[in-house]
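So you can see what is in the structure, the chains are spelled out below.
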Amino acid sequence: MLWVLLLLPAWVVAGVACTRLCLAAVRAAAEETRDPVVDRDHDLTLYEAAFLSGGPARVVDVTLVAMARERRLLLAHTGWATVVDPCGRDEMERSVIGAIGPEGQSRIAPVRSATAAAEPVRGLAERLVHAGLAVPEDAPGASVAAGTRGVRAAALTVTALGVAALLLPAPTGMPRPLIALWFALPLALTAGCLAIARFEIHPSARWASPAGQHLLSSLVRRAHRTGDERAYLASVAVRGIRAIGEPELRAAFAHRDQPYRE
């Protein structure tokens, strides 16, 4: 009956992780009912829309794409960025140019990391939080994201314990298919929680408050009607690099998360 000693921690791990996720979701739902006083007619900038959709990294992506489409920055399909116009038009562009360095050329990955952590992006985040459009780092939504990661880890733990139980060399006293069924129950619990979280939690909820998500939806509707350059960049801001139409430009971002040395 050694397999029972593995089944008990499997249930404990799954139960604790799912309970934490459910409690975090309840707190987040209660927080959403507190509708702050915000300007719902506020016209989001591209940088604001990018942050609310994908956080600091998305802001940098939109900046890079905008500069590349205006030929003020060259983004090679090999993952290198080269400055053409060293005069940035706003603080975000100047931050990107500064991250590339005095040589005027750098890989995209370190530029993206440095710019995302720079003062212009932090200031943008603070302004959006103060306006009630972005979610603070210590908000319940952050706990939901952490709870989701915990449930994923619990699912892997339950799977590992189940495999260990099935591989026990000693007689188990029970058919192995039945043992697998017992471990499938806590695994189904974690899978169900993850499925509910996937459908109930909007991807932008990590960054955008309910009011911010409302403004994002309005921006997308307006962008679809115009179909101009701003609409293209708005699509990149909301959907990320998968919205980039040019294959070579999209290939440049494929190298952005490769390990690098500063």
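Model, not experiment: these values are computed from the prediction. (Residues numbered from 1 in each chain as written. Predicted model: local features only at pLDDT ≥ 70, side-chain atom pairs only at ≥ 80, totals over all residues. Heavy atoms only, no water.)

Colleague: What is the right way to look at the overall build of the chain in this model?
Modeller: For the chain, the helix and strand inventory stands at 11 helices and 3 strands. The N-to-C order of helical and strand elements in the chain reads α-α-α-β-β-α-β-α-α-α-α-α-α-α. For the chain, with 262 residues in total, the buried portion stands at 42%. Within the chain, residue pairs in contact and separated by at least 24 positions form 72% of the contacts whose partners lie at least 6 positions apart. By element, 61% of the accessible surface of the chain is carried by carbon and sulfur atoms, the whole surface being about 14,500 Å². (Helix = DSSP H or I, 4+ residues; strand = E, 2+ residues; numbered from the N terminus. Buried < 20%, exposed > 50% of the residue type's maximum accessible area, 1.4 Å probe, protein only. Contact = heavy atoms within 4.5 Å. Areas by Shrake-Rupley, 256 points an atom, 1.4 Å probe, with all protein chains shown as cover.)

Colleague: In this structure, what is going on with unusual backbone geometry? I would like to understand it.
Modeller: With glycine set apart, most residues show a phi of negative sign, and most peptide bonds adopt trans. A positive phi angle is found at Arg71, which is not glycine, with a value near 60 degrees. Tracing the backbone shows Arg71 in the loop between helix H3 (56-69) and strand S1 (73-75). A relative accessible area of 59% means that Arg71 is categorised as exposed.

Colleague: Please explain helix H6 (residues 119-130) as it appears in this structure.
Modeller: Helical geometry: 3.6 residues make up each α-helical turn, so side chains three or four residues apart lie on a common side. A rise of 1.5 Å per residue sets the reference length of H6, with its 12 residues, at 16 Å; its end C-alpha atoms lie 16 Å apart and thus fit the reference within 8%. Those residues of H6 not exposed but buried are Pro120, Val121, Gly123, Leu124, Ala125 and Leu128. Considering only its buried residues, H6 is in contact with helix H2 (46-54), H3, helix H4 (91-100) and helix H5 (108-116). Among the residues trailing H6, Gly132 stands out with phi positive, at a value near 80 degrees. (Expected span 1.5 Å × (residues − 1).)

Colleague: How should I be thinking about H5 in this particular structure?
Modeller: Most of H5 sits out of view: 7 of its 9 residues are buried. Three or more residues of H5 are buried, namely Ile108, Ala109, Pro110, Val111, Arg112, Thr115 and Ala116.

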